[in-house]
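The chain contents come next:
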Amino acid sequence: MLIDLRQLYENLGKSVDFDYEIDKDVCDSYIQVDFSKRPSVKGNITNRSGVIELKLSATYGLNHICDRCLIEFEHDYTFDMDVIVVNTAKDYSDGYIEVSGDKLNLDEQVLSTLLLHFPSKVLCRDDCKGLCQRCGADLNEGDCDCQD
């Protein structure tokens with residue numbers, strides 16, 4: 001989704017609301033992940049006294065394979081963004097999005113932020129016991145016959 005910032009720059013107090021789902025083709029062109037639910041984005045962008053403020057919430061689902069027991073599972077995620085949109089940022093800060101020109105590619109911002117929120121380790125559940133190192137039995141289903 002492209003947002004025309006020119007309208008916002010010219011009108012103090014102007015606000016644009018959005019509520020949409022990122023297209024599959026757009027997701028696939030940016031990142032190669034197995035979505036169970038494509039990102040759904042809801043929020044607004046507002047000119048507050050000459051400062052362009054972007055607030056949004058994104059929800060999505062991913063298909064995972066547990067790092068301990070190798071079972072396939074789905075997990076839903078949500079993240080919020082509250083940032084200032086600027087033409088040039090003198091400091092590189094997490095609180096700013098630098099945009100060249102008059103258009104903000106919201107899909108690109110959401111998908112790049114989504115990548116930063118990916119977990120480094122995925123577990124089907126917090127207390128996952130994993131697999132037996134000897135026989136490969138799933139220890140979540142019970143003890144195996146191997147000796148400790």
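Before any of the text, the structure's been laid out above.
Residues numbered from 1 in each chain as written. Predicted model: local features only at pLDDT ≥ 70, side-chain atom pairs only at ≥ 80, totals over all residues. Heavy atoms only, no water.

Enquirer: Please clarify how the nonpolar core should be interpreted in this entry.
Expert: Grouped burial of nonpolar side chains is what soluble globular proteins tend to show. Judged by nonpolar contacts, the single largest core of 34 residues is most densely connected at L5, I45, L54, L56, L104 and L106. Listed by contribution, the elements that provide at least two residues to this core are α1 (5-10), β2 (15-21), β3 (35-48), β4 (51-65), β5 (72-86) and α3 (106-116). Leaving out residues up to four positions away in the same chain, L106 has contacts with M1, I3, F18, Y20, L54 and L56. (Core = buried A, V, L, I, M, F, W, Y, C linked by side-chain atoms within 4.5 Å. Buried < 20%, exposed > 50% of the residue type's maximum accessible area, 1.4 Å probe, protein only. Helix = DSSP H or I, 4+ residues; strand = E, 2+ residues; numbered from the N terminus. Contact = heavy atoms within 4.5 Å.)

Enquirer: So what exactly am I meant to see when it comes to the packing of aromatic side chains here?
Expert: Aromatic rings considered in pairs are described by the distance between their centres and by the relative angle of their planes. For the structure on display, the rule yields three aromatic pairs. An angle of 80° between the planes, with centres 6.3 Å apart, marks the rings of F35 and Y60 as edge-to-face. Separated by 25 residues along the polypeptide, F35 in strand β3 and Y60 in strand β4 bring together distant segments of the chain. Between Y60 and F79, the aromatic rings sit 6.3 Å apart at their centres with planes inclined by 70°, giving edge-to-face as the arrangement. Highlighted residues: Y60 in strand β4 and F79 in strand β5, separated in sequence by 19 residues. Each of the two residues, Y60 as well as F79, counts as buried. One aromatic cluster in this structure is built from F35, Y60, Y77 and F79. (Phe/Tyr/Trp six-rings, centres within 6.5 Å; stacked < 30°, edge-to-face > 60°.)

Enquirer: Explain the side chain of N47 here, please?
Expert: Tracing the backbone shows N47 in strand β3. One polar contact links the side chain of N47 to the main-chain carbonyl oxygen of N11, over a distance of 3.5 Å. When sequence neighbours within four positions are dropped, the list of residues in contact with N47 reads L8, Y9, N11, L12, G13, K14 and I52. (Polar contact = N/O pair within 3.5 Å; in protein donor to acceptor, adjacent residues only side chain to side chain.)

Enquirer: I keep staring at unusual backbone geometry and nothing clicks. Help me out?
Expert: A negative phi angle characterises most non-glycine residues, just as the trans form characterises most peptide bonds. Here the phi dihedral of L70 falls at roughly 70°; this positive angle occurs in a residue that is not glycine. Given a relative accessible area of 56%, L70 falls into the exposed group.

Just distances and angles here, no functional claims.
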